Every structure is written in structure tokens, then in C-alpha cells.
Amino acid sequence: MSRFIGPDRRRHRMYVTKNTEYHFRDGFCIAVRDRRTGSFLPGHLALKRRISGGLRFFRNGAIVPNPGEPILGEAMYFTYDGRDLITSPLESIDRPDKATVKAYPTVS
């Protein structure tokens, strides 16, 4: 099996924390879903925002910022107009299945 070595052209990405899934299209958060209930959260602060970076928290209290794409174990960090959001650490970064993408609510 050959591996593709070009740019990633897939539009959707899903970041999963302990309680929440953050769904992105073209770099913007378009849906947030509660993992326990499976319900989308229409008023979530992450909607319509880009990720500003990641934060890694250490047991000694240190916090190391990552201004790039967050990686597993880091919390996602969103900032917009003075309203910051920090998630719990990422457990996985996946691609949503087609059924989930079709179920996304409309973000106005």
C-alpha cells in the first residue's frame, strides 16, 4: 500500500476531549457535541472560531503553550474578543464519519 505524500485536502476534523467533540470544517469550529448525550450544543463558545493553539499542563503547575496545531494531551485554546476558552486535554484527533457531517446543525 502506498502512502500519499501531498497536502491534506480533507475539510473536516474532530477533536475529542473527555466530555466533548469539537467539529471543524476548513479550520473553523462548526459544531460542538456532548459525548455523553450525543447532542449538539448550539450556544457553545467555540463555535465559529479557529483554534489559537494548545496548552500542555504539567503536574508541577507549569503550563507550556503551543501556538500551532494542538496535539494529543494538550488542551485546545480559543481566543476571540476577550472571551477565551480552554478545553480539557485532547484524547483523540479524528475524522468524523459522513453521517455525523450530515447531522451538523446550521451555524448562523
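Scope of this entry: the structure provided in the associated data block. (Residues numbered from 1 in each chain as written. Predicted model: local features only at pLDDT ≥ 70, side-chain atom pairs only at ≥ 80, totals over all residues. Heavy atoms only, no water.)

## A look at unusual backbone geometry
Link 1 in the chain: A positive phi is found at aspartate 26, a non-glycine position, where the angle reads about 50°.
Link 2 in the chain: Residue placement: aspartate 26 occurs in the loop between strand S2 (20–25) and strand S3 (28–34). (Helix = DSSP H or I, 4+ residues; strand = E, 2+ residues; numbered from the N terminus.)

## Let's talk about the sheet that holds strand S7 (residues 85–89)
Link 1 in the chain: Here we have four strands laid out as an open sheet, ordered S5-S4-S6-S7, and antiparallel in their pairing. Strands at the two margins of the open sheet, each flanked by one partner only, are strand S5 (63–66) and S7. Across this sheet, the average inter-strand angle for adjacent strands is 25°, counted without regard to direction.
Link 2 in the chain: Across three bridges, the pairing between strand S6 (residues 75–78) and S7 is antiparallel. Note on S7: the bridge partner recorded for phenylalanine 78 is leucine 85. (Pairing = 2+ DSSP bridges. Axes fitted to C-alpha atoms, helices over the stretch in contact; angles between N-to-C directions.)

## Some remarks on the pairing of S3
Link 1 in the chain: Across the seven residues that make up S3, a large majority, six, are buried.
Link 2 in the chain: Hairpin connection, S2 to S3: the antiparallel pair is bridged by two residues, and aspartate 26 has positive phi, about 50°. (Buried < 20%, exposed > 50% of the residue type's maximum accessible area, 1.4 Å probe, protein only.)

## Focus: the sheet that holds S2
Link 1 in the chain: One open sheet accounts for four strands, arranged S3-S2-S1-S8; its pairing is antiparallel. Lying at the two open borders of the sheet, with one neighbouring strand each, are S3 and strand S8 (92–94). This sheet shows a mean twist of 20° between the axes of neighbouring strands, independent of strand direction.
Link 2 in the chain: Of the pairings in the sheet, the one linking S2 to S3 comprises six bridges and is antiparallel in character. Paired with histidine 23 across the two strands is alanine 31, which belongs to S3.

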